[in-house]
Every structure is written in C-alpha cells, then in structure tokens.
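# Tertiary structure, described
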Amino acid sequence: MGWRRGRDRRGDGPGGPGGRRAGLQALAVELRRMHGEVNRLAHAFAAGQGLHATDVQALGAILDAPEPMTPGRLRERLGLTSGAVTACLDRLERAGHIRRTRDTRDRRVVHLHYAEGGKALARAHFQPLASAAAAARARLTQKEAEAALRFLAAMNEEFAQLRGPERRPGS
C-alpha cells in the first residue's frame with residue numbers, strides 16, 4: 001500500500017501535488033473499502049442466522065464490552081429505542097446467541113452475555129476475516145502494527161465523539 005510510505009494511491013507524498021488532502025482521501029477510500037468488506041461478512045452472517053444486521057452489531061457490542069453489557073448501555077451504544085433493543089435481544093436469545101442474567105446484588109439489572117454456542121457459530125463464520133487480518137498483520141513491522149493500532153483507536157475515539165445524543169442525521 002502506498003500510504004505506508006507517506007504516499008497516497010497516486011504517489012503524492014505529504015509535500016507533493018496532492019499533499020495531505022490526497023493522503024486523507026486515500027485513507028478514507030481504504031477505510032470505506034474495509035468497512036464494506038466487514039459489512040458484507042456481517043450481513044452474510046446475519047442472513048445465515050435469520051438475524052438483522054443490527055443484531056450482529058449488538059453481538060459485537062456485547063462481545064467487546066469490558067464489563068457485562070446491559071440493555072440500557074446497548075441501547076445507547078447502538079442508538080436504538082428500548083423497544084428495538086428488546087426485539088433485538090429476543091431474536092438473539094431465541095437463536096441461541098446470547099443469554100440474559102440478573103445481577104446478584106440488584107435483580108432489576110439485566111446482564112447480557114454472548115452464549116458459547118453463538119460464539120462458536122460466529123468464530124466459524126468470521127474465521128476468514130481473522131485469517132485475512134493475520135495475513136495483513138504479517139506484512140507489517142511491529143512498529144507499523146503498533147502505529148496502525150494507535151491510529152484505529154484514535155479514530156474510534158473521534159467517532160465516539162460524533163455519537164452524542166444531541167446529534168441527529170444531517171446535523
């Protein structure tokens with residue numbers, strides 16, 4: 001990839017004819033391409049499991065949560081209504097992907113857990129994605145991989161700032 005050496009797809013470096021703007025455009029193109037490929041796999045998984053695309057997003061949020069996810073936090077994370085989250089969780093539970101448990105200290109609190117059977121199905125489906133990520137990682141030096149991880153973490157932090165409750169589509 002040309003951007004690894006400070007160049008965009010046309011070969012313009014930071015000081016060249018396209019400069020920084022071209023580098024950002026090339027980066028945006030690559031991020032959209034990657035997002036599209038991941039979405040393609042996620043939609044195929046959803047279709048194969050009789051789920052909605054939002055259900056797959058919910059599974060990812062439950063899997064990645066640093067502590068047990070709750071329906072309220074999931075609603076905030078996905079930007080859904082309470083009713084939509086309930087319908088999503090009902091589908092996921094019926095399909096065997098999640099289980100709900102009550103908090104031992106406060107029985108009103110429900111925790112969401114990715115069920116082992118659901119994890120196995122997801123692992124099997126997304127194994128090609130994991131293999132592709134490993135192959136791409138193998139093409140980078142340790143420092144490049146660390147820089148890529150820092151960049152992705154910074155992008156996610158920036159994107160999270162765009163997710164505030166006051167933001168509406170088109171604002």
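This is a predicted model, so every value here is computed, not measured.

## Things to note about the side chain of Asp55
If you trace the backbone, Asp55 turns up in helix α2 (residues 53-64). Look past the residues within four positions of Asp55 in its chain and what remains in contact with it is Cys88, Arg91 and Leu92.

## Some points on the confidence of the model for the chain
Summarising the model, the chain shows a mean pLDDT of 85, and 82% of its residues fall at 70 or more. Taken element by element, the chain is modelled with least confidence in helix α1 (residues 19-49), mean pLDDT 89, and with most confidence in helix α4 (residues 82-94), mean pLDDT 96.

## Notes on a nonpolar patch on the surface
Taken together, the side chains of Met34, Val38, Leu129, Phe151 and Leu152 make up a nonpolar region of the molecular surface, amounting to roughly 380 Å² of accessible area. Taken together, the elements giving at least two residues each to the nonpolar patch come down to α1 and α6 (142-161). Inspection of the secondary structure puts Phe151 in helix α6.

## Comments concerning the packing of α2 against helix α3 (residues 71-78)
Remark: α2 packs on α3, axes separated minimally by 10 Å, with the N-to-C direction vectors making an angle of 120 degrees. Here α3 runs oblique to α2, going by the angle between their axes. When the axes of α2 and α3 are compared, the crossing they make is right-handed. Contacts from Thr54, Gln57, Ala58 and Ala61 in α2 reach Leu74, Arg77 and Leu78 in α3. Here the contact of α2 with α3 is composed, by residue class, of four nonpolar, two polar and one charged.

## Digging into the nonpolar core
In terms of nonpolar packing, the biggest core is built from 22 residues, with Leu59, Ile62, Leu74, Leu89, Leu92, Ile98 and Leu112 touching the most fellow members. Those elements that provide at least two residues to this core are α1, α2, α4, β2 (110-114) and α5 (116-138). It is α2 that provides the largest number of residues to this core, a total of five residues.

## Notes on the pattern of salt bridges
Tallied over the entire structure, the rule returns eight salt bridges. Here Arg40 makes a salt bridge to Glu37, at a shortest N to O gap of 2.9 Å. Of the two residues, Arg40 and Glu37 both sit in helix α1, three residues apart, roughly one turn of that helix. Judged by relative accessible area, Glu37 falls into the partly exposed class, the value being 45%. A cluster of three or more residues bridged by salt bridges with shared partners is formed by Asp90, Glu93 and Arg100.

Rules and cut-offs
- Residues numbered from 1 in each chain as written.
- Predicted model: local features only at pLDDT ≥ 70, side-chain atom pairs only at ≥ 80, totals over all residues.
- Heavy atoms only, no water.
- Helix = DSSP H or I, 4+ residues; strand = E, 2+ residues; numbered from the N terminus.
- Contact = heavy atoms within 4.5 Å.
- pLDDT = per-residue confidence, 0-100.
- Patch = residues over 30% accessible without salt bridge, like charges linked within 9 Å, V, L, I, M, F, W, Y side chains within 5 Å.
- Areas by Shrake-Rupley, 256 points an atom, 1.4 Å probe, with all protein chains shown as cover.
- Salt bridge = Lys/Arg side-chain N within 4 Å of Asp/Glu carboxyl O.
- Axes fitted to C-alpha atoms, helices over the stretch in contact; angles between N-to-C directions.
- Parallel < 35°, antiparallel > 145°, perpendicular 65-115°, else oblique.
- Left-handed = near helix turned anticlockwise from the far one by under 90°.
- Nonpolar A, V, L, I, M, F, W, Y, C, P; charged D, E, K, R; others polar.
- Core = buried A, V, L, I, M, F, W, Y, C linked by side-chain atoms within 4.5 Å.
- Buried < 20%, exposed > 50% of the residue type's maximum accessible area, 1.4 Å probe, protein only.

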